[in-house]
Amino acid sequence: MIVVDDLTVRFGGVTPLDAMTVTFGGGVSGLLGPNGAGKTTFFNVLSGFVRPAAGTVRAFDDDLLAMVDFRRARWGLRRCFQQERAIAQLSATENVLLLAEQVGIPRGDRRRRVLDALEFVGLDDATDQPVGMLSAYDRRRAELARAIVGAPRLVLLDEPAAGLPDSESRDLARLIASIPDRRGAAVIVVDHDIDLVQSCCATATVLDFGRVLASGPTADVLADPRVIHAYLGTEGS
Ligand SMILES: Nc1ncnc2c1ncn2[C@@H]1O[C@H](COP(=O)(O)OP(=O)(O)OP(=O)(O)O)[C@@H](O)[C@H]1O
């Protein structure tokens, strides 16, 4: 469980997170909201890129904000960015190995863990090709393999299926939905793709101007008139 209490971030006169208080469960949670709502800022706080002015984050009873960045990675915090981070000239195996090294997986165990991660995402056939030569879907799966190698505890995904056609997006959603059971990690997905959120997130939280507008079972949140007014209503316009 990830317990966020009174989390506040200020950049000069802007308050991208304004006393954000919410609990994310151990499954896959969606984090939604209009542009500028504070979603990326929240991920940046969890990753240690942004220091909040106030508030706490307890992740599985550990004080996440008290850990320095590299300790968070070793603790099991992982993140997939909107922009791919894998090195195009290296193979999927080499890319995942690099991540495995960074997050402190013991050398003797690394290759086995990397193969296991590539198998989980279904990339075990394309492990030796440079990532830059892979299809968009395979590159996304390579990014996901980097996020789940070893023993992740909290995986942050920022628009994981951006730019993929619907069928591949659905396959990726199924893979993401299986992370808690098969990898033992909680997942928070930031996405504007409501189909993806509905298909893989049991619960959802909506941010608006840095405040939690609604949080709970995904179907209830998406049907909440305040959410429709603040977010969904503007999406289709
Ligand atoms: N480094 C920064 N300095 C000043 N303001 C910032 C900084 N980073 C973000 N902001 C502001 O904080 C607010 C929240 O931005 P954030 O990127 O967290 O929103 P978001 O919900 O992720 O939006 P999007 O869906 O467009 O990615 C915005 O008003 C943004 O302009």
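Taking an unreviewed UniProt entry as the reference, the chain is identified by name as Branched-chain amino acid transport ATP-binding protein LivG (TC 3.A.1.4.1) belonging to Patulibacter medicamentivorans.

Glancing now at the site of the ligand. Surveying the vicinity of the ligand reveals the residues Phe11, Val14, Pro16, Pro34, Asn35, Gly36, Ala37, Gly38, Lys39, Thr40, Thr41 and His192. The contact in question runs from an oxygen atom of the ligand to an N or O atom on the side chain of Asn35, over 2.9 Å. A distance of 2.9 Å separates an oxygen atom of the ligand from a polar atom in the backbone of Gly38. For the ligand, whose unbound accessible area comes to 640 Å², protein coverage reaches 58%. Of all the secondary-structure elements, those providing two or more residues to the shell around the ligand are β2 (14-24) and α1 (39-47). For the shell around the ligand, the leading source of residues is α1, giving three residues. Split by residue class, the shell around the ligand holds five nonpolar, six polar and one charged.

What follows concerns the packing of aromatic side chains. Taken as a whole and judged by the stated rule, the model has four aromatic pairs. Here the aromatic rings of Phe42 and Phe43 are separated by 6.4 Å at their centres, their planes lie at 40°, and the arrangement is tilted. Assessed through its relative accessible area of 0%, Phe42 is described here as buried. On the basis of relative accessibility, which here comes to 0%, the residue Phe43 falls in the buried class. Looking at Arg85, its charged tip hangs above the ring of Phe81, at a distance of 3.7 Å from the centre. Between Arg183 and the ring centre of Phe120, over which it is positioned, the NZ or CZ distance is 5.1 Å.

What counts and how
Residues numbered from 1 in each chain as written. Predicted model: local features only at pLDDT ≥ 70, side-chain atom pairs only at ≥ 80, totals over all residues. Heavy atoms only, no water. Near = heavy atom within 4 Å. Polar contact = N/O pair within 3.5 Å; in protein donor to acceptor, adjacent residues only side chain to side chain. Areas by Shrake-Rupley, 256 points an atom, 1.4 Å probe, with all protein chains shown as cover. Helix = DSSP H or I, 4+ residues; strand = E, 2+ residues; numbered from the N terminus. Nonpolar A, V, L, I, M, F, W, Y, C, P; charged D, E, K, R; others polar. Phe/Tyr/Trp six-rings, centres within 6.5 Å; stacked < 30°, edge-to-face > 60°. Buried < 20%, exposed > 50% of the residue type's maximum accessible area, 1.4 Å probe, protein only. Lys NZ or Arg CZ within 6 Å of the ring centre and 35° of its normal.

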